[in-house]
Amino acid sequence: MQKPYRQRRGQKRRRAPDLLVRIRNLEFSHESRSGEPLRLFYGINLDIHRGKIVAIMGPSGTGKTTLLRLIGGQLHPGSGTIQVDGEDVPTLDNKSLYSLRKRMGMLFQSGALLTDMTVFENVAFPLREHTTLPESMVRDMVLMKLHAVGLRGARDLMPSELSGGMARRVALARAIALDPMMVMYDEPFTGQDPISMGVLMKLIGELNRTLRLTSIIVSHDVEETMAIADYVYLLSEGRVVGRGTPQQLQQDGSAWVRQFVEGEPDGPVPFHYPAQPFTEELLGE
Amino acid sequence: MERIQQLLLQLFSVFRRLGRGQLFLLHLLGGMASLITRPGLVVRQLYSVGVHSLVIIVVSGIFVGMVLGLQGYNTLVDFGAEESLGVLVALSLVRELGPVVAALLYAGRAGSALTAEIGLMKATEQLSGMEMMAVDPVRRIVSPRFLAGFISMPLLAAIFTVLGVFGGYFVAVPLLGVDDGAFWSQMQARVDFYDDILNGIIKSVVFGFVVTWIALFEGYDATPTSEGVSRATTRTVVHASLAVLGFDFILTALMFGA
Ligand SMILES: Nc1ncnc2c1ncn2[C@@H]1O[C@H](COP(=O)(O)OP(=O)(O)OP(=O)(O)O)[C@@H](O)[C@H]1O
Ligand SMILES: [Mg+2]
């Protein structure tokens, strides 16, 4: 089940050999319950090169998770193109979309573990669904992935018995179970203690090198993310407001980037969800 | 004017939901074929949908049968026709009470559980996570549950009916002194396989289909929050029960009306 992807990869790498994800003029609005669409992206351009670790950072609620879902084909863009591995994601039919997804791993912000299965079965799930490997091989592969995230001993626990950070690591083990070409990490570092944070950072870097993965990391943890990322995109209010290698960004003069990277409370980055002025609201009772 | 507009909008959203429900049904039926290769998935659901509903079905069946026996006896004895008690109990159960009451209990016991389970899986992103792992959640999660419900419901109705007859027998013969032989022989003579038993089975098959479909769709279509799931669960019980009664009328009219 794994071989064919590798082979296929070799054949159709003509169009953009170096570019794994290519996003152009992406616009997207969430359908809100009040009926008024919530505009999230106003024409985003983004390139993710093969084999790199690319970080997408931005304030909470800018739509980072939404962007990952768009790349994974779970949401449809209002306009613009999203290409992954040379394929145009929004126009794919179900079959090709699913075959593309087998080559992507995604680590959900919430972990999204299947609550009626043990840790072991959760990691084994993609293998059982997509391959016909014998049980002994499944076992070895699962234990290997669990070992990599330091949770081999937790294999018989149920997801409800895990801490938030552990659940995230199990989800990571599951995301890499099929040896994908690309992994999208949604907030991998939140809820990790300093040790597992360090382990995770190392792990992401190692996976990237040894499996020749491409990694997209969505994170608020500026320091950690900057330390392992090759390239960083900063998103705010539906636009890319900063891009470059971590060194470039740290030297960037723009007030926005400096505020975000340094974590200063005051500056051009809005802390508040858009609202009418507070005094007005208090007085307008 | 605004009222009319709102009404139309609501009507529109009802139709949209109906449409979504039907697409969902097609989708989950499409997943049936692949279940042949993975019977384990269905067996596990048969256990949680069917076996877990057994207790309530067994207990209710016996009690409903006993009540039928008591009430029937009181009416029949005035006409000196208490020997026909067996027929009365059997026919009421086979034609009506078996399928209908079993379906209502099934909706309350298994249907609500199915809705809550799938709604919570949606709320905790498990379904979305599966999609990203290139596993179709409708085929993997919903289809086996549907098949299990579809198989369980007629069996539960049959168990309900049989136990109901025994409940009626227990009240009639040992307690009220109806003649043992007359109770069974009249029943045997008057209950027809095609007219009564087969029609009862058809009813329970239809109910199983409808209740399971509603329960699964409500879960899958639930707003992914705790409030949304709790509402969906309530809706399952209400809509499924109404659907059972509505279909019962239609089916009865078709079967026994002419
Ligand atoms: N299903 C939805 N329907 C409507 N609006 C949504 C939906 N999901 C998210 N939103 C809105 O879209 C915006 C972006 O959400 P998203 O989850 O992508 O943010 P994020 O950048 O990942 O934030 P965080 O860093 O806190 O995870 C939020 O303002 C949220 O209110
Ligand atoms: Mg997010």
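Residues numbered from 1 in each chain as written. Chains lettered and ligands numbered in written order. Predicted model: local features only at pLDDT ≥ 70, side-chain atom pairs only at ≥ 80, totals over all residues. Heavy atoms only, no water.

All right, on to the sheet that holds strand β3 (residues 53-57) of chain A then. All names here are of chain A. On the basis of which strands lie adjacent, the open sheet formed by six strands has the order β6-β7-β8-β3-β9-β10 and mixed pairing. Two strands close off the open sheet at either side, each with one partner strand: β6 (104-107) and β10 (239-244). In this sheet, neighbouring strand axes are inclined to one another by 15° on average, regardless of whether the strands run parallel or antiparallel. Contacts from helix α2 (residues 64-71) reach β3, β6, β7 (182-186), β8 (214-218) and β9 (231-236), with the element oriented near 155° to β7. Across the sheet, helix α7 (residues 194-210) lies against β3, β7 and β8, angled at about 155° from β8, the strand it touches most. (Pairing = 2+ DSSP bridges. Helix = DSSP H or I, 4+ residues; strand = E, 2+ residues; numbered from the N terminus. Axes fitted to C-alpha atoms, helices over the stretch in contact; angles between N-to-C directions. Contact = heavy atoms within 4.5 Å.)

Within chain B, residue pLDDT values average 92, and 100% of them lie at 70 or more. Scoring of the predicted complex yields 0.86 for pTM and 0.80 for ipTM. (pLDDT = per-residue confidence, 0-100.)

Moving on, we get to the sheet that holds strand β4 (residues 79-84) of chain A. Residues and elements named next belong to chain A. Overall, antiparallel pairing links the four strands, which are arranged β2-β1-β4-β5 in an open sheet. Two strands bound the open sheet, and with one partner strand each, they are β2 (38-49) and β5 (87-88). Helix-sheet contacts for α2 involve β1 (19-30), β2 and β4, and the interaxial angle to β1 is about 120°.

All names here are of chain A. Those donors, Thr65 (OG1) and Gln109 (OE1), are the protein atoms that reach the magnesium ion (ligand 2), and they lie 1.9 to 2.4 Å from it. Taken as a pair, Thr65 in helix α2 and Gln109 in the loop between β6 and α4 (119-130) lie far apart in primary sequence, 44 residues in all. Looking at Thr65, the relative accessible area reads 25%, which means it is partly exposed. Exposure remark for Gln109: the relative accessible area of 36% places this residue in the partly exposed category. (Donors = N, O, S within 2.8 Å, 3.2 Å for Na, K, Ca; no water. Buried < 20%, exposed > 50% of the residue type's maximum accessible area, 1.4 Å probe, protein only.)

Turning our attention to helix α10 (residues 255-262) of chain A. All names here are of chain A. For α10, every residue scored as buried is listed here: Trp256, Val257, Gln259, Phe260 and Val261. Elements that come into contact with the buried residues of α10 comprise β3, α8 (222-228), β9, β10 and α9 (246-251). A positive phi of about 70° marks Gly263, the residue just after α10.

Before going further, it helps to spend a moment on the pattern of salt bridges. Residues and elements named next belong to chain B. Scanning the model with the defined rule gives 21 salt bridges over all chains in all. The salt bridge involving Arg145 is made with Glu117; its shortest N-O contact spans 2.8 Å. Placement of Arg145 in helix α6 (residues 137-175) and of Glu117 in helix α4 (residues 85-123) is noted, with a sequence separation of 28 residues between them. A relative accessible area of 3% means that Arg145 is categorised as buried. Judged by relative accessible area, Glu117 falls into the partly exposed class, the value being 31%. (Salt bridge = Lys/Arg side-chain N within 4 Å of Asp/Glu carboxyl O.)

So, about the confidence of the model for chain A. The predicted coordinates ought not to be read in detail in places where the model reports low pLDDT. In the predicted model, chain A carries a mean pLDDT of 83, and the fraction of residues at 70 or more is 90%. Low pLDDT, under 50, characterises residues 1-14 of chain A; the predicted model gives this stretch 15 contacts beyond four residues in sequence or across chains.

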